[in-house]
Amino acid sequence: MKGGEFLIKDSRAEDLFIPEEMNEEHRMMADMANDFLDKEVTPYLDRIDAQEEGLMQSILDKAGALGLLSVSLPEEYGGLGKDFTTGMLITEALGAGHSFSVAMAAHTGIGTLPILYYGTDAQKKKYLPKLATGEWKASYCLTEPGSGSDALAAKTKAILESDGKNYVLNGQKMWITNAGFADLFIVFAQIDGDKFTGFIVEKNAVGLSLGNEEHKMGIKGSSTRQVFFSDCKVPAENVLGEIGKGHLIAFNILNIGRAKLAAAALGASKKVCSTSIAYALGREQFKIPIAKFGAIRYKLAEQAIRVFACESAMFRISDYIDEKEKALIAEGKNFSQALLGAAEEYAVECAMLKVYGSETLDYVVDEGVQIFGGYGFSADYPMDRAYRDSRINRIFEGTNEINRLLTVDMLLKRAMKGQLDLMTPAMNVQKELMEIPDTSEGDASQPFFAEYKAIANFKKATLMVAGAAVQKFMMQLAKEQEILMNVADMAINLFVAESTLLRIHRLLQLKGNDAVTVHTQMLQVLMNDTADRINIAGKNAIQSFAEGDEMRMMMLGLKRFTKVNLVNTRDGRRAVAKALTDNGKYCF
Ligand SMILES: Cc1cc2nc3c(=O)[nH]c(=O)nc-3n(C[C@H](O)[C@H](O)[C@H](O)COP(=O)(O)OP(=O)(O)OC[C@H]3O[C@@H](n4cnc5c(N)ncnc54)[C@H](O)[C@@H]3O)c2cc1C
């Protein structure tokens, strides 16, 4: 399945790799990361947040010694050369490590990958082995005080000296993760004021200085500073990639960063689920554990349903990326070109996953605080840190608004380039609206028949709204952001629900009916709510641009395409909550 094709093609459960099928090596790596988290990170969270001198670096060093910083690097540069899924599993496990996980993600992702993907052989040989072990720590300097989402408007300038040996950088970068201890900075500057270009800058470069640590709402242990360049000399051989092509580095790195952010958010979410369950079982009010109250059971179940759905989408995308990477290697691409190309192919899916993962974590921590009651508001209990640390995820690696806009923008651009035929299925949906509804049932004995039908209809709803909006606004659609947000929400919700359905169906194929009883209830609750979410987003979009008969027809279509089997969602959530409380932790 090509990137973006989820919207127009059916997927088969048997083609999907699910977390329950992880191989021995995957499990071993994930166990190692979990063990590291328990021994080397969790006991030190308070001291990390106090930014105790040298502590973060020493934990990164230990992670480096175990190979945790070099999972995605090729063996020739001291890496483990593992598949993308392994990298995601490690990121997920360490995602519960609060500020440590942010420092690690910045180092291994945006700090290291630009050199792997765009560096010359000499740059790779010089820097990657040091970054792989953690001997050197990396950071990434794109954002400036005046340019965040509009990253290419950066003002930092670079001018080549007359002898051609050095570039001289002048400017200021803002919000730079790991800046306080980084040995290496990936910096973006405009050569001669208009050629946006990447540079590798070492910490002892003359003219580089740091601001003070920012005072932040959360991830307090993560070093975040401004970085100043005042006639800062950078050797000409440290230009990264092609001159004037810095945007390729800046944007392509983010595809992987977004998927990894979701993986980290997933790990953090699972931890908060387990903490919430344990607390709800232990806390008694009115002489019974609060876990027995329907209101609390609802929260526990809903946390778990969203986490399971997020994980299903994450593994689906990881697998797509791994498969594409293998195909590109078979075509003759090297390891780094193949991973870069694979992540670019699934850029739409990575953007959607970033949004869903970060918003799942925000939901989970918010309900976590609520389950803890007053203790949730106490800085001496774990929900305080979880709640504060979650919030940044909707802001960095592209804000969720930017990622929603990108989701639709990238889909439409692929359609315009002829890479993705969205218009034919969109026109077919319009035709279908004029016809008498097809009530033929199909083979209802097939597993999850109703759910597959609902997913096919969710796709129709999304194509109907997106297609009509394109026809209405043509090139002006980019200015209709409210509608683009609605379409993105429709696509994200349907992708996540489909991923969950495929995973549970695959689980049934592998383990039989009994293994998926609770999963099926979880799926039914999710399908029920997904239909409503798609309906409300679609309604908002249609009402924004359609009128009269067209509006009436589309609203009827939306109603038809968001119809799902009526299920008892209270009982569904109760079954999920029972499984959670019986296990005493997140168990799916
Ligand atoms: C703790 C932390 C760590 C960070 N680490 C790094 C790092 O290591 N390296 C680095 O380079 N940067 C880093 N950043 C910067 C981060 O990537 C930016 O903050 C982010 O991209 C948003 O930019 P901004 O803060 O300038 O907000 P703005 O771009 O000003 O956005 C403000 C609001 O407007 C919205 N908005 C902006 N443009 C549009 C648009 N076109 N359409 C609709 N809505 C829009 C945004 O979604 C947001 O809601 C970090 C930030 C923080 C807070």
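Please read these numbers as outputs of a predicted model, since none were measured by experiment. (Residues numbered from 1 in each chain as written. Predicted model: local features only at pLDDT ≥ 70, side-chain atom pairs only at ≥ 80, totals over all residues.)

### Observations regarding the overall build of the protein chain
Phase 1: Within the protein chain, the regular secondary structure consists of 19 helices and ten strands.
Phase 2: In summary, the protein chain has a C-alpha radius of gyration of 24 Å against a globular reference of 25 Å for 588 residues, a match within 12%.
Phase 3: If you line up the protein chain on its principal axes, its C-alpha atoms span 75 × 60 × 45 Å.
Phase 4: In the protein chain, which comprises 588 residues, the share counted as buried stands at 52%.
Phase 5: Restricting the contact set of the protein chain to residue pairs at least 6 apart, pairs at least 24 apart contribute 77%. (Helix = DSSP H or I, 4+ residues; strand = E, 2+ residues; numbered from the N terminus. Rg over C-alpha atoms; globule rule 2.2 N^0.38 Å. Buried ≥ 20, exposed ≤ 12 C-beta atoms within 10 Å, placed from the backbone. Contact = placed C-beta atoms within 7 Å.)

### Some words on the domain arrangement of the protein chain
Phase 1: By domain assignment, the protein chain separates into domain 1 (5-137), domain 2 (140-244), domain 3 (247-312 + 343-401) and domain 4 (422-583).
Phase 2: Once you take the C-alpha centre of each, domain 1 and domain 4 turn out to be 34 Å apart.
Phase 3: Every contact between the two is made by nine residues of domain 1 and, on the other side, 15 residues of domain 4.
Phase 4: By residue class, the composition of the side of domain 1 that touches domain 4 is six nonpolar, one polar and two charged. (Domains from an automatic or database assignment. Nonpolar A, V, L, I, M, F, W, Y, C, P; charged D, E, K, R; others polar.)

### Digging into helix 18 (residues 548-561)
Phase 1: With 14 residues, helix 18 should reach 20 Å at 1.5 Å per residue; the first-to-last C-alpha distance of 20 Å fits that figure.
Phase 2: Every buried residue of helix 18 is listed here: Met554, Gly557, Leu558 and Phe561. Summarising the axial view, the buried residues of helix 18 lie within an arc of 100°, below the 170-degree limit, and thus occupy one face. Residues of helix 18 that are exposed and angled more than 90 degrees away from the buried face: Gly548, Asp549, Arg552 and Leu556.
Phase 3: Taken together, the buried residues of helix 18 touch helix 14 (423-434), helix 15 (449-473) and helix 17 (517-545). (Expected span 1.5 Å × (residues − 1). Arc of directions from axis to C-beta.)

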